[in-house]
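Descriptive analysis of the structure
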Amino acid sequence: MNFKKQLKEGVITNNPILVQQLGMCATMAITTSLFNGVGMGLSVLIILTCCNVAVSAVRKFIPDEIRLAIFVVIIAGFVTIVDLLLQAYIPALSESLGVFIPLIVVNCIIIGRAEAFCQKNPIGPSFVDGITQGLGYTVVLVVMCLIREFLGSGRFGGGLIDAAKGITLDGTGAGIQLFNSDYGASILTLPVGGFLTLGFIFAAMQAALKKAAKKKAEKANEEEGEEA
Amino acid sequence: MNKILKLTFVLFLICAIVAGILGAVDMITRDRITAYQTEKSNAARTAVMPVNVPEGQALYTDLDLKALGIPTNINANGQKIKICSVSEANDGSGYVVETEFSGAQGTIVMMVGVNHSFRCTGISITQHSETSGLGANAASVADVGVNFRAQFKGVDEHVQLKKAGGEIDALSGATITSRSVTNATSAAIQFVEALQSAN
Amino acid sequence: MTVTEYLSIAIGAILINNFIFSQFLGCCPFLGCSSKVETASGMGLAVVFVMGLASAICYVVNEFILVPLGLAFLKTLAFILVIAALVQFVEMFLKKAVPSLYSALGIYLPLITTNCAVLGVVLLNVQNGYDFLGSVIYGITGGLGFMLAIVLFASVRERIQFADYPECFEGFPICLISAGLVALAFMGFSGMKIF
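Remember, it's a predicted structure, so these values are computed and weren't measured experimentally. (Residues numbered from 1 in each chain as written. Chains lettered and ligands numbered in written order. Predicted model: local features only at pLDDT ≥ 70, side-chain atom pairs only at ≥ 80, totals over all residues. Heavy atoms only, no water.)

**Some details on the overall build of chain B**
Inclusion rule: Comment: elements are numbered from the N terminus, with helices defined as DSSP H or I runs of at least four residues and strands as E runs of at least two. C-alpha atoms define the radius of gyration, and 2.2 Å times the number of residues to the power 0.38 defines the globule rule. Summary of the burial criterion: residues with accessible area below 20% of their type's maximum are buried, those above 50% are exposed, and those between are partly exposed, where the area comes from a 1.4 Å probe applied to protein chains only. Contact between two residues is taken to exist if any of their heavy atoms lie within 4.5 Å; hydrogens are not considered. Accessibility throughout is a Shrake-Rupley quantity obtained with a 1.4 Å probe, and a residue counts as covered only by protein chains that appear here.
The helix and strand tally for chain B stands at 4 helices and 6 strands. Reading chain B from its N terminus to its C terminus gives the helix and strand order α-β-α-β-β-β-β-β-α-α. The globule rule puts the C-alpha radius of gyration for 199 residues at 16 Å, and the 22 Å found for chain B is more than 25% above it. Taking the principal axes of the C-alpha coordinates as reference, chain B spans close to 80 × 40 × 35 Å. Counting every position in chain B, which comprises 199 residues, the buried fraction comes to 43%. Considering only residue pairs separated by 6 or more positions, chain B has 52% of its internal contacts joining residues 24 or more positions apart. When the accessible surface of chain B is summed, it comes to about 10200 Å², and 55% of that surface belongs to carbon and sulfur atoms.

This is the structure in structure tokens:
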């Protein structure tokens, strides 16, 4: 397994959200500003990587019957660590994500990867898997945030840009106003918008994957034809 | 039987290790978290009632609502407003009242500063779940929110929306939120009046 | 807490702040188990049951063990263990005591451990500072809200099978879009005043 292949898998062909359909709740709930999206994505990336390494490290010592229980304990441990660190050092993010940080414990991505990948693979690939899958998750969150923010309130980079410039660190900044927010479809910033945006991204992904598969098939056909 | 014992032992061991690590992380972060929480509650209060005290001194004294014996549920223009806490500014400039009430979407928690002549010195919304782009503007740091909240400076307990013959411009598209914020301001002032006359 | 407060918790949890449509808790089983009304109502019942029990037990664990010992930071860990153990226990108990109920709920029970609505409700109970009765009411009515949502949505989904939609929306995307439309209907409750 090389890094490039795993990266492609994590972000595109085996994307945790768009292909494996894991971890929907947080995806739809918190993607209202780029600040939230990036914060949540990175938190999951860090927790996923740590859990992957830990599960992979202890995989030979844990009895099979209680492995799920042990995974859950390990995951809950890392989630609580990240939760406490966020509360202490980036309190704005922890407030804005609220209950969804502790809920990473039951985010199926993490236990899913532990079960499907880490308990069979050594530490190295598990570490890479954590990073690539985490990246795949973050990318989808960021795309959702961008769409919902832009169409919903005409903004770009809500909170994040202001935080980067050091204006407001609490993630409430408006970012760059691209058009008057009165003209935005504010429904996209509401819960309903989460379902709709994710649905359309899913559809786009399916269309793209289908097109790629078709192209591949055509190419294979052509090659076969040439050979014949 | 032996097997069950072994499984229990392993699970217990892992739990103990995780709990130990968490305890260490908690020790490192606890002071910062509590410091942040005090700072935050002070910031919410200074936003509505600035206080001048020598550095290092506590800004506010929390009053015990139960010991005061004043009703904490206030009816303002037909809406029920709950008073959650009240603290007195240590330089004697007035009180900060924390109110809780339902807005258009859910519960709103709001700080109201009231001085000794029963005028509002400012309001600040600390918690809400109003519709983003509409009612949420009441709490927004953008101009629309700042201007909305600035209208409440100096009002007395008879404060009303313009629609009801008062002086407050409602947020566009968010009359329910605006009205409940107005009612809560009035309730907070009524509460301080009751507090003063009880003393 | 007064009766009206309990009532407003209940109505809020079922309609106004519905777990799925406005808080996005429990979306995975919501999307996964909603292809038939029958399975949806089974899942819904199991969730009501576990959420009510978990709220009660976690309240006790938090109030009488974690808080007095100053271990509040362990609550996520403790709650998820309590939920996992509870689900296991309920499964064993039902199998022995009420086989008919077990055959109806049995297959859904293990899935509930990773349902974020359950962990969500116990964490929200602590966050909102509900007392014992308030927690239990919030748990049960939150579960009822989940059940209402999933049963409604399952009947919508049964209709989708006969609908004509673009090919690339096949499967998951069309579900999400229709879930969005159902959520839109639930937004109608959002302006509702509760006392």
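There is more to say, and it comes next.
**Topic: a positive patch on the surface**
We apply this condition: Patch membership requires over 30% relative accessible area and the absence of a salt bridge. Like charges are linked within 9 Å, and nonpolar side chains (Val, Leu, Ile, Met, Phe, Trp, Tyr) within 5 Å. Within this document, salt bridges are pairs made up of a side-chain nitrogen of Lys or Arg and a carboxyl oxygen of Asp or Glu, the two lying within 4 Å of each other. Only four residue types enter the charge count, namely Lys and Arg as positive and Asp and Glu as negative; His and the chain termini do not. Throughout, a charge is located at the NZ atom of Lys, the CZ atom of Arg, the CG atom of Asp or the CD atom of Glu.
Taken together, the side chains of K211, K214, K215 and K219 of chain A define a basic patch exposed on the protein surface. If you trace the backbone, K219 of chain A turns up in helix α9 (residues 191-227).

**Overview of the interface of chain A and chain B**
Basically, it comes down to this: In short, buried area is how much 1.4 Å probe accessible area vanishes from two parts on joining, totalled over both. Under this definition, polar contacts are N or O atom pairs within 3.5 Å; protein pairs additionally need one hydrogen-donor-capable and one acceptor-capable atom, and for neighbouring residues in sequence, both atoms have to be side-chain atoms.
Facing 23 residues of chain A, the contacting portion of chain B comprises 20 residues. In this assembly, chain A packs against chain B so that about 1900 Å² is buried in total across both faces, 77% of it on carbon and sulfur atoms. For the chain A face of the interface with chain B, the top three residues by lost area are V73, L84 and A88 of chain A, together amounting to 23%. For the pair chain A and chain B, the number of links is 0 salt bridges. In this assembly, chain A and chain B are joined by 2 residue pairs in polar contact (both at pLDDT 80 or more). Counting residues per element, the ones that place at least two in the side of chain A that touches chain B are α4 (67-89) and α5 (91-97) of chain A. For the side of chain A that touches chain B, the element with the most residues is α4 of chain A, which contributes 12 residues.

**What about the interface of chain C and chain A?**
Applicable threshold: Note on residue classes: Ala, Val, Leu, Ile, Met, Phe, Trp, Tyr, Cys and Pro are nonpolar, Asp, Glu, Lys and Arg are charged, and everything else, Gly too, is polar.
Across the contact, 37 residues belong to chain C and 34 residues belong to chain A. Carbon and sulfur atoms make up 84% of the surface buried where chain C meets chain A, a total of about 3000 Å² over both sides. Broken down residue by residue, the surface that chain C buries against chain A is led by F24, F172 and L176 of chain C, which jointly contribute 21%. Joining chain C to chain A, the criterion identifies 1 salt bridge. Of the charged contacts in the structure, one is a salt bridge between K210 of chain A and E167 of chain C, with a shortest N-O distance of 3.7 Å. Counting the contacts that link chain C with chain A gives 1 residue pair in polar contact (both at pLDDT 80 or more). Of all the secondary structure elements, the ones that give two or more residues to the side of chain C that touches chain A are α2 (27-32), α4 (75-97), α7 (116-128) and α9 (172-186) of chain C. With 8 residues, α9 of chain C is the single largest residue contributor to the side of chain C that touches chain A. Counted by class, the side of chain C that touches chain A contains 26 nonpolar, 9 polar and 2 charged residues.

**A look at the packing of α4 of chain A against helix α6 (residues 108-118) of chain A**
Relative orientation and spacing of two packed helices are given, respectively, by the angle between their axes and the distance between those axes. Residues and elements named next belong to chain A. The criterion, for reference: Think of each axis as a best-fit line through the C-alpha atoms, taken over the contacting stretch in the case of a helix, with angles from 0 to 180 degrees between the N-to-C directions. Here the angle decides the label: under 35 degrees means roughly parallel, over 145 means roughly antiparallel, 65 to 115 means roughly perpendicular, and every other value means oblique. Handedness of a helix crossing follows the sense of rotation of the near helix relative to the far helix, less than a right angle counterclockwise being left-handed and clockwise being right-handed.
Viewed as axis vectors pointing N to C, α4 and α6 meet at an angle of 135°, and their least axial separation amounts to 11 Å. With respect to their mutual orientation, α4 and α6 come out oblique. Both α4 and α6 take part in a crossing whose hand is right-handed. On α6, the residues touching R67, L68, F71, V72 and I75 of α4 are I110, I111, A114 and E115. In the contact of α4 with α6, the residues fall into 7 nonpolar, no polar and 2 charged.

**Thoughts on the packing of aromatic side chains**
Residues and elements named next belong to chain C. Let me state the cut-off plainly: Pairing of aromatic rings covers Phe, Tyr and Trp, the last counted by its six-membered ring, and requires centre-to-centre distances within 6.5 Å; plane angles under 30 degrees mean stacked, over 60 mean edge-to-face, and any other angle means tilted.
Inspection of every chain in the model, using the stated rule, returns 12 aromatic pairs over all chains. Judged by centre distance (4.8 Å) and plane angle (25°), the rings of F30 and F153 are stacked. You can see F30 sitting in helix α2 and its partner F153 sitting in helix α8 (residues 132-160), a full 123 residues away along the chain. Each of the two residues, F30 as well as F153, counts as buried.

**With respect to a negative patch on the surface**
A contiguous patch of negative charge on the surface is contributed by E218, E222, E223 and E224 of chain A. Mapped onto the elements, E218 of chain A comes out in helix α9.

**Some remarks on the pattern of salt bridges**
Residue and element names in this part refer to chain B. Under the counting rule described, the total for this entry stands at 7 salt bridges over all chains. Between D26 and R30 there is a salt bridge whose closest N-O contact spans 2.7 Å. In this pair, D26 and R30 both sit in helix α1 (residues 2-48), 4 residues apart, roughly one turn of the helix. For the salt bridge of D169 with K162, the shortest nitrogen-to-oxygen distance reads 3.2 Å.

**Notes on helix α1 (residues 3-16) of chain C**
Residues and elements named next belong to chain C. Rules: Expected helix span is computed as 1.5 Å times (number of residues minus one).
The terminal C-alpha atoms of α1 lie 18 Å apart, and with 14 residues this matches the ideal 20 Å at 1.5 Å per residue to within 8%. Turning to α1, its buried residues number three or more, namely Y6, S8, I9, A10, G12, A13 and I16. Looking at the buried side of α1, the elements it contacts are α8.

**Side note on the confidence of the model for chain C**
Rules: Along the chain, pLDDT gives the predictor's confidence residue by residue, from 0 to 100.
On average, residues of chain C score 85 in pLDDT, and 95% of them reach the 70 mark or higher. Interface confidence for the predicted complex, given as ipTM, is 0.82, next to a pTM of 0.80.

**Some details on the side chain of T197 of chain A**
Residues and elements named next belong to chain A. Note that T197 resides in helix α9. Reaching out from T197, the side chain makes a polar contact with the backbone oxygen of G193 at a distance of 2.5 Å. Not counting chain neighbours up to four residues away, the residues in contact with T197 comprise M144, I147, R148 and L188.

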